[in-house]
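Working through the structure, step by step
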Amino acid sequence: MTQDRGVMVHIEGLCKSFDDLEVLKGVDLDVRKGEVVVILGPSGSGKSTLLRCVNGLEDATAGKIFIEGVEVTSRKTDINKVRERVGMVFQSFNLFPHLTTLGNVMLAQRKVHKRSKHEAERIAREQLGRVGLNDKADAFPIQLSGGQQQRVAIARALAMDPHVMLFDEVTSALDPELVREVLEVMKSLARAGMTMMVVTHEMGFARDVADRVIFMDEGIIMEQGTPEEVFDNPQDERTKDFLGHIR
Amino acid sequence: MPETDGEDTHTMFADGRTLHMRCAAAVALLLLLVSILAPLPAVAATDIVAEASFVPITATIDVLDVSFTVPPGEFQTPVDLLIEFPPEMNAAGLRGTGMRLSDKGDTVRPPAISASEKGVTFSFTASVPPAGTVFDIQVLGLATPEQAGPVVVPVKYGEAGSLQPAGEFTIDIPKANILQRVFRGMEKTPFLHQFFSPTIIWGSLPLLWRGFQVAVLILFVSYAFGIPLGLTFAFMKMSRLAIVRIPATVAIDIIRGTPMLVQLLLVYFGITYLPAWNSLMSALGPLAEWQIYAISATQFFRAIIVLSVNSSAYMAEIFRAGIQSIHKGQLEAARSLGMSWPQAMAYVIVPQTVRRVLPTMMSEFILLFKDTSILFAVGIFELTLQARTIQAAKFNMSPYIAAAGFYLMLTVPLGRFVARLEQRLSVAETGRGGKKRGKPKGPLADKPVPEEVISATEVGLR
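Parameters at a glance
- Residues numbered from 1 in each chain as written.
- Chains lettered and ligands numbered in written order.
- Predicted model: local features only at pLDDT ≥ 70, side-chain atom pairs only at ≥ 80, totals over all residues.
- Heavy atoms only, no water.
- Helix = DSSP H or I, 4+ residues; strand = E, 2+ residues; numbered from the N terminus.
- Buried < 20%, exposed > 50% of the residue type's maximum accessible area, 1.4 Å probe, protein only.
- Contact = heavy atoms within 4.5 Å.
- Areas by Shrake-Rupley, 256 points an atom, 1.4 Å probe, with all protein chains shown as cover.
- Salt bridge = Lys/Arg side-chain N within 4 Å of Asp/Glu carboxyl O.
- Core = buried A, V, L, I, M, F, W, Y, C linked by side-chain atoms within 4.5 Å.
- Pairing = 2+ DSSP bridges.
- Right-handed = clockwise from strand over helix to strand, strands pointing away.
- pLDDT = per-residue confidence, 0-100.
- Phe/Tyr/Trp six-rings, centres within 6.5 Å; stacked < 30°, edge-to-face > 60°.

For the rest of this paragraph, the subject is the overall build of chain B. Tallying secondary structure elements over chain B gives 15 helices and twelve strands in all. Taking all 462 residues of chain B together, the buried fraction comes to 47%. When contacts within chain B are restricted to residue pairs at least 6 apart in sequence, long-range pairs at least 24 apart make up 74% of them. As presented, chain B carries roughly 22,000 Å² of accessible surface, and 66% of it is formed by carbon and sulfur atoms.

Applying the stated criterion to the full structure yields 18 salt bridges over all chains. For E58(A), the salt bridge goes to R52(A), with nearest N and O atoms at 2.9 Å. A relative accessible area of 11% means that R52(A) is categorised as buried. The structure contains a network of salt bridges with shared partners spanning R52(A), E58(A), K328(B) and E332(B).

Another aspect to go through is the nonpolar core. If you look at the biggest cluster of nonpolar residues, it comprises 53 residues, and the most contacted ones within it are L40(A), L128(A), I154(A), M165(A), F167(A), M186(A) and M196(A). Ranked by residues supplied to this core, first place goes to helix 6 (residues 176-191) of chain A with eight residues. Contacts of L128(A), omitting those with residues within four sequence positions, involve T101(A), L102(A), V105(A), L133(A), N134(A), A137(A), V152(A) and A155(A). In terms of nonpolar packing, the next biggest core, distinct from the first, is built from 50 residues, Y268(B), A316(B), L368(B) and L421(B) among them.

Below, the discussion takes up the pairing of strand 7 (residues 164-168) of chain A. All names here are of chain A. The buried fraction of strand 7 amounts to five of the five residues, a majority that puts the element mostly inside the structure. Neither face of strand 7 is exposed, since V164, L166 and D168 on one face and M165 and F167 on the opposite face are all buried. Where strand 6 (residues 86-89) and strand 7 come together, four bridges link them in parallel fashion. Among the inter-strand pairings, G87 is bridged to a residue of strand 7, identified as M165. Across five bridges, the pairing between strand 7 and strand 8 (residues 195-199) is parallel. Its bridge partner being in strand 8, V164 is matched across the sheet by T195. Read as a crossover between parallel neighbours, the route from strand 7 over helix 6 to strand 8 is right-handed.

What follows concerns unusual backbone geometry. All names here are of chain A. In the Ramachandran plot, E68 falls in the positive-phi region, its phi being about 50° despite a non-glycine side chain. Structurally, E68 can be placed in the loop between strand 4 (62-67) and strand 5 (70-71). Here E68 falls in the partly exposed class, since its relative accessible area comes to 29%. Even without glycine at this site, K114 takes up a positive phi of about 55°. By secondary structure assignment, the location of K114 is in the loop between helix 3 (101-111) and helix 4 (117-130).

Residue-level pLDDT values for chain A average 89, and 97% of them are 70 or greater. Mean pLDDT across the secondary structure elements of chain A bottoms out at helix 9 (residues 237-246) of chain A, with 80, and peaks at strand 8 of chain A, with 94.

Residue and element names in this part refer to chain A. Most of strand 3 (residues 36-40) is tucked away, with five of its five residues classed as buried. Burial along strand 3 is two-sided: the residues V36, V38 and L40 and V37 and I39 are all buried. Summarising the sheet, strand 3 and strand 8 pair through four bridges and their orientation is parallel. Each residue of the ladder has a partner; that of V36, found in strand 8, is M196. Relative to strand 9 (residues 212-217), strand 3 is paired through four bridges, and the arrangement is parallel.

We describe a pair of aromatic rings using the distance from one ring centre to the other and the angle between the two ring planes. All names here are of chain B. Evaluated as defined, the whole model comprises twelve aromatic pairs over all chains. Geometrically, the ring pair formed by W209 and F212 is stacked, given 5.6 Å between the ring centres and 20° between the ring planes. Here F212 and W209 lie together in helix 5 (residues 198-238), a separation of three residues that amounts to about one turn. Look at W209 and you get partly exposed, because its relative accessible area is 43%. Owing to a relative accessible area of 9%, F212 belongs among the buried residues under this scheme. Judged by centre distance (6.1 Å) and plane angle (90°), the ring pair of F212 and F369 falls under edge-to-face.

Spelled out as C-alpha cells, the structure:
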C-alpha cells in the first residue's frame, strides 16, 4: 500500500451494510494532513456511518481504511491504538455524567495515556481553556448548557492529542443560540491546522472553514470540491436539489 | 446478717460451704424475685412488680421440708423455683423430692408448679446437713394477684407433718398501671389473646430476636456473595459468545423460573449426597461443626449457597438491565477515546450503572430478607421457625404477629429509604446528552425510566 506522506485518512472501496440495508456502497476518500473536509448529504446518506467506520465504531463490510498508513479495517490492528490518534465528537455529546468536566477530560488521559494525575489535570485545564470553559472545571455535565457540554466533549477529545478529529453532527442537538459557540471552537481548531472530518448541516460553517466539501447520497460520494465549486456551481442533480432544500 | 445457733457459729456467706457443723441447718435467705421489667422469658407482660421483704430465719432443727404459701391470685405462667446448694451437698447425694439437678452443679430445679397450686413445698430425701449451709431459693415467674396491697407469705420448715413456722415475709403488690390493665384485658379477650397476647409476644421476644439475628446474618452473607455472582451472570448473559451466554441464560431461567423452596429442598439436602461436598466439609474439619446461634457452619453454608445463587440470578437481570440502560453513546465515547472495553466498563459504564441499580438492588435486599423465612422448611431456626415453634407450643398465633413485627422493623425503613433514594437519583440523573435537544430544561425534564422498568419487569416476576 503506497501512502502519500501527506495523507492522514485513506479510504478505499468502503462498504457497510446493516443486515440487508446497504449504507455505504463503495466510498473512496483521501483526507490530507491539516485538511478540513465537510461531508454533506441528506439523512440516511451514510455520512455518520462513514465517520464511525473511520475510528472503528462500525466494522466495515468491505473496503479498507488507513489512518496514517495503519489499516483500521485489519483485524491485526489494535483499534485502541488507532483511536488514540482519532478524536471523535458526537451529536449527543456523550459526556460521562458521573464525572465533573475536569474528570471527563482527564479520565482517558489517565487510563489510556497513563499520564500522571498532575499532568492530566494540567492538560485538561489547558484544553478547557482552549474551548473557553476553564471556569466550569468542577461542574457536572448536567449543570452545563448543551453548547458547553459539546465544548467539553471537544476538549476531552483534544486532550488525547489526536491527529485527526471527527465531528458527527455536533451542533444538531443544540438550540440555535448555542450552535455558534461550538462552531467558533471548531473554526479555531481548523485554523490551528487540525485535520478534521466534519459531518454537519451548517452550510455557513462549511463555506467558511472547509477546504473541501463532499456531498454524499445513498452511500456514495456524489460530488466533491471546494466550497465554492460545490455550493455555487453544483454539478450533480441531487446536490442541487439538496442544496436547494437546505437554503 | 443471719445467725446460727450453738457453739459453731458461722456467717452464711463467708464460710457457709464448710461442712464441719453438727447442729441444725441454717436456713438463711428465702429470696423471692418477682419481676416484670427484666426481660426474662418466663415473666409475663401482665405481671406486676412486687418487692418482697425477707425475714432472716434461724433454724434450730434439721430441715427436711421448706414450705411457703404464695399469695392467692392468678398465675399467668407456671411458677419456677430455683434452689441453690453448695456443691458439696450435691456430691453427698442430696436430692429433693421431685427435684432434678440442673446443669449447674449446685442448683436444683424442681418441676414447675401448676397454676392452681398456692402452696409450695420442697422435700429433701435426707435432712439437710447441719448448720452453715446456704439455701438460696428463688421464685421466678410468679404472677401476682390483681388486688393491690401487702400480702403476707408465711414460711415453714422442718419435717413433713411437723413443720414449724420460720417466719414470714411480706410482699407489697402495687396497683396495676393502665398498660398492665389493658394487657390483662387483652388476655381475657379470646380473639386478642389468640393473636395479640402481650404475655406470649413478650415472652417470645428473646427467641424471635435470636431468629432475627440468624436471618440477618444469612441475609448479609448471601447478599454479599450474590453481587459478584450476579455481575458474572450479567456479563455472561451479555456476551456475544454463545458458549458463554447460553449457560448463563439457562441458569438464570431455571433459577428464576422455579420456586426457591424447591431449590432450597433440592440443594440443601441434595448437596450432602455429593462426595465433593462431603470431602470439602471433612476438609474443613472442626470449622464445619463450628456453631453460631446454635446453627452449624455446614447448615449456614448450605442455606447461603441457595439464597445467594438464587438472588444472583435476579441481580444479574438487574445489572444487565442497568448496564443496557446506559446510553450506548457512553460506551462509544469511551471507546473513541482509546479506552479498551474493560476500561470503558470499569470507569464509565459500571459507575453509572451502580447509581441506577442502587434502588433496585436495595429492593432485592428487602426481598432476600423476606426470603430467608423459607429456611424454616429445612429447620434453620431463623425468625419464622422460631415463631412457629412458639406457636406450636402455646397454641397461639401471637408469635407470628411478633415475627411479622420483626420483619417490618427492617423492611419498612429500608423501603422508605429506597423510595427517597429513587426520587433523589432520578433528580440527579439526566445530563447525559441523549436525543433531547439542548440543555435539560429542569430536573425532571429528562427523567429516565430504568429503575421503574427494571423493578416492574425484573423484580416483579418473583
